[in-house]
Amino acid sequence: MTATDTIFALASGAGRGAIAILRMSGRDSGSILTRIAGRLPAPRVASLRRLRDPAAGEALDEALVLWMPAPRSYTGEDSAELHLHGGPAVVAAVGATLAALGARPAEPGEFTRRAFLNGRMDLTAAEGIADLIAAETEAQRRQALRQADGALAQVYGGWAERLTRLLAHQEAAIEFADDDLPTDLGDRAREGAGALRAEIDAHLADGGRGERLREGVLVAILGAPNAGKSSLLNALVGRDAAIVSARAGTTRDVVEVRLELAGVPVTLSDTAGLREAADEIEQEGIRRAHRRAEEADLVITVFATDKAPDAETLAWVKPGALVLANKSDLESAPAEIGGVLPLAVSARTGAGLEELRLRLQAETVRLAGVAEAPVLTRPRHRAALTEASAWLREAEAAALPELVSEALRAALRAIGRLTGRVGVEDVLDIVFGEFCIGK
Ligand SMILES: Nc1nc2c(ncn2[C@@H]2O[C@H](COP(=O)(O)OP(=O)(O)OP(=O)(O)O)[C@@H](O)[C@H]2O)c(=O)[nH]1
Ligand SMILES: [K+]
Ligand SMILES: [Mg+2]
């Protein structure tokens, strides 16, 4: 696989459709296009052409053809798009002809990989494009688009630039220690490192909202048997997703439903009622309930107004937690449960459910709403920035100028890995492996 190959792939979805888009990129795109569609169309202007297989002389399809010469194309290479009639046989025949003329099917993510290698975008922008394609909700789309537009690239690129300057100052201070260069260069590098570290630390202290928006928010419903957890889940999603019965210990496995709140994907999990169970299957269900609650971004604890709060569920009540007093149709809700004012609800009558929905929505926005400033969206970002921050701390503390230099260089390498501008080889496969073919 070399970057000089000419590659092609279906850029639109697989299967039957009105239009299928075959995309081609690489050195021979122009000559291959000429051979199947006649002379090259004007750049970036759609032209209707009859496509032919030059070997058999047979007509393949009538297509809209786009010619995008380098460097003004997605990949930065000579590129073409064929907007075909969207039947599988048409796509197969045109693809076979492209292959016969020397193009090869693209690897997953190869178009975007080339765009990166040709300097059209940094790694975070490439990731933004992968996220944009995967985005299922409005907030995810907005976050991904911002990243694809280079919002993170700009922040991290700016940091890399500042670091490079600090490093240059520091090297100069070492190199010209005996000359009459300003003697405070070393101090300035150390101060600059401190200021940059503070900015990186502030960026890291985002509560993980960008990552959470990308992954979705995990909410677990916890409570004693028969508190009404499954009834509440069903009421929230408006369908019978979980079995409800008057028998304690009905729910065993974790029952998951997906919903969207404030444009954020949320997975709501109903769990087995917490108690000392004799039944071994129920015990396993309760273990799973605890595990799910530990993984969750938010735990909703459910109590029934006609029962005293149980110790197992009380253990999950934390200040600021979402505590429900269900069955408010039977008895009025207490003023506090575990020191928290509970929200009175009734899965039976629907009382309080609108308020519950609003509370959930507010929590979701707090946890994962689109932030004002661009936020990091992947563990990869967090790891690299944490490392950069640690190296900057070393730079600030280092006594010898050479050690300051070394720490600054290591910090720069960490940020370089993030944007893909330094030491990129090992991260490329991770980033582009997430793409599907044709993107
Ligand atoms: N009166 C009244 N009954 C309710 C309410 N919510 C649930 N119930 C009843 O309480 C019983 C238990 O409800 P479930 O939803 O199965 O309770 P659960 O917490 O999921 O129970 P387990 O799965 O066994 O842990 C059922 O008979 C429900 O009809 C409510 O708001 N008011
Ligand atoms: K039950
Ligand atoms: Mg249940």
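Bear in mind the structure is a predicted one, so any value in this text is a computation, not a measurement.

(A) A look at the domain arrangement of the protein chain. Domain annotation for the protein chain reports domain 1 (7-106), domain 2 (123-206 + 376-432) and domain 3 (213-368). Look at where the C-alpha atoms of domain 1 and domain 2 centre, and you get two points 40 Å apart.

(B) Representation of helix 10 (residues 280-295) within the structure. In this model helix 10 runs 23 Å from its N-terminal to its C-terminal C-alpha over 16 residues, within 8% of the 22 Å that 1.5 Å per residue would give. All buried positions along helix 10 are accounted for by E282, G285, I286, A289, R292 and A293. Angular distribution of buried residues about the axis of helix 10 spans 120°; they occupy a single face of the element. The outward face of helix 10, more than 90 degrees from its buried face, is lined by the exposed residues E280, R287, E294 and E295.

(C) Quick peek at the site of ligand 1. Around ligand 1 sit 24 residues in total, of which G228, S230, S231, T251 and G273 are the nearest. Of the residues forming the shell around ligand 1, the biggest block, three residues, is contributed by helix 9 (residues 229-237). Among the residues making up the shell around ligand 1, the classes are represented as eight nonpolar, 12 polar and four charged.

(D) Quick look at the sheet that holds strand 11 (residues 322-326). Spatially, 8-9-7-10-11-12 is the arrangement adopted by the six strands of the open sheet, whose pairing is mixed. Bordering the open sheet on either side are strand 8 (255-261) and strand 12 (343-344), each of which pairs with just one other strand. Relative to strand 12, strand 11 runs parallel, the two being bridged by two bridges. Paired with A325 across the two strands is A344, which belongs to strand 12. Each of strand 7 (217-223), strand 9 (264-270) and strand 10 (298-304) touches helix 10; the most contacted strand, strand 7, lies at about 140° to it.

(E) Structural context of the UniProt feature "binding site: (6S)-5-formyl-5,6,7,8-tetrahydrofolate" (unreviewed entry) in the protein chain. Residues annotated by UniProt as "binding site: (6S)-5-formyl-5,6,7,8-tetrahydrofolate" (unreviewed entry) correspond here to R23, E81, R120 and K439. Along the chain, R23 falls in strand 2 (residues 19-25). Locating R120 in the fold gives a position in the loop between helix 3 (110-117) and helix 4 (123-134). Residue classification places R120 among the partly exposed positions, given that 18 C-beta atoms sit within 10 Å. Residues in contact with R120, not counting those within four places in the same chain, are G76 and A115.

(F) The nonpolar core, seen in detail. Counting 67 residues, the largest nonpolar core has L22, L163, A388, L408, A411 and I415 as its most contacted members. When residues in this core are grouped by element, the largest group, nine residues, is from helix 6 (residues 151-175). Summarising the domain contributions, this core has at least three residues from each of domain 1 (7-106) and domain 2 (123-206 + 376-432). Setting aside anything within four residues of it in sequence, one finds A411 in contact with L163, A388, W391, L392 and A395. Core analysis: the next-biggest nonpolar cluster, separate from the first, contains 43 residues, A139, V219, V266 and V302 among them.

(G) Quick peek at the sheet that holds strand 6 (residues 104-105). Ordered in space as 3-4-5-2-1-6, the six strands form an open sheet in which the pairing is mixed. The outermost strands of the open sheet, each flanked by one partner alone, are strand 3 (47-53) and strand 6. Inspection of the sheet shows strand 3 paired to strand 4 (residues 58-68) by seven bridges, in the antiparallel sense. Residue pairing in the sheet places R52 in a bridge with A59 of strand 4. Across the sheet, helix 1 (residues 29-37) is in contact with strand 2, strand 3, strand 4 and strand 5 (79-85); its angle to strand 3 comes to roughly 85°. Packing against the sheet, helix 2 (residues 88-100) makes contact with strand 1 (7-10), strand 2, strand 3, strand 4, strand 5 and strand 6, and its axis sits at approximately 15° to strand 2.

(H) The environment of A195, seen in detail. Among the structural elements, A195 can be located in helix 7 (residues 185-204). Under the C-beta neighbour-count criterion, A195 is labelled partly exposed, with 13 such atoms within 10 Å. Counting along the chain gives 216 residues from A195 to A411, while the straight-line C-alpha distance between them is 14 Å.

(I) Quick peek at the pairing of strand 2. Here strand 2 lies mainly inside the structure; six of its seven residues are buried. Looking at chain direction, strand 1 and strand 2 are connected through four bridges and run antiparallel. Bridge pairing links L10 to L22 in strand 2.

The rules we used
Residues numbered from 1 in each chain as written. Chains lettered and ligands numbered in written order. Predicted model: local features only at pLDDT ≥ 70, side-chain atom pairs only at ≥ 80, totals over all residues. Domains from an automatic or database assignment. Helix = DSSP H or I, 4+ residues; strand = E, 2+ residues; numbered from the N terminus. Expected span 1.5 Å × (residues − 1). Buried ≥ 20, exposed ≤ 12 C-beta atoms within 10 Å, placed from the backbone. Arc of directions from axis to C-beta. Near = placed C-beta within 6 Å. Nonpolar A, V, L, I, M, F, W, Y, C, P; charged D, E, K, R; others polar. Pairing = 2+ DSSP bridges. Contact = placed C-beta atoms within 7 Å. Axes fitted to C-alpha atoms, helices over the stretch in contact; angles between N-to-C directions. UniProt positions renumbered as here; feature names shortened; annotations may be inferred. Core = buried A, V, L, I, M, F, W, Y, C linked by C-beta atoms within 7 Å.

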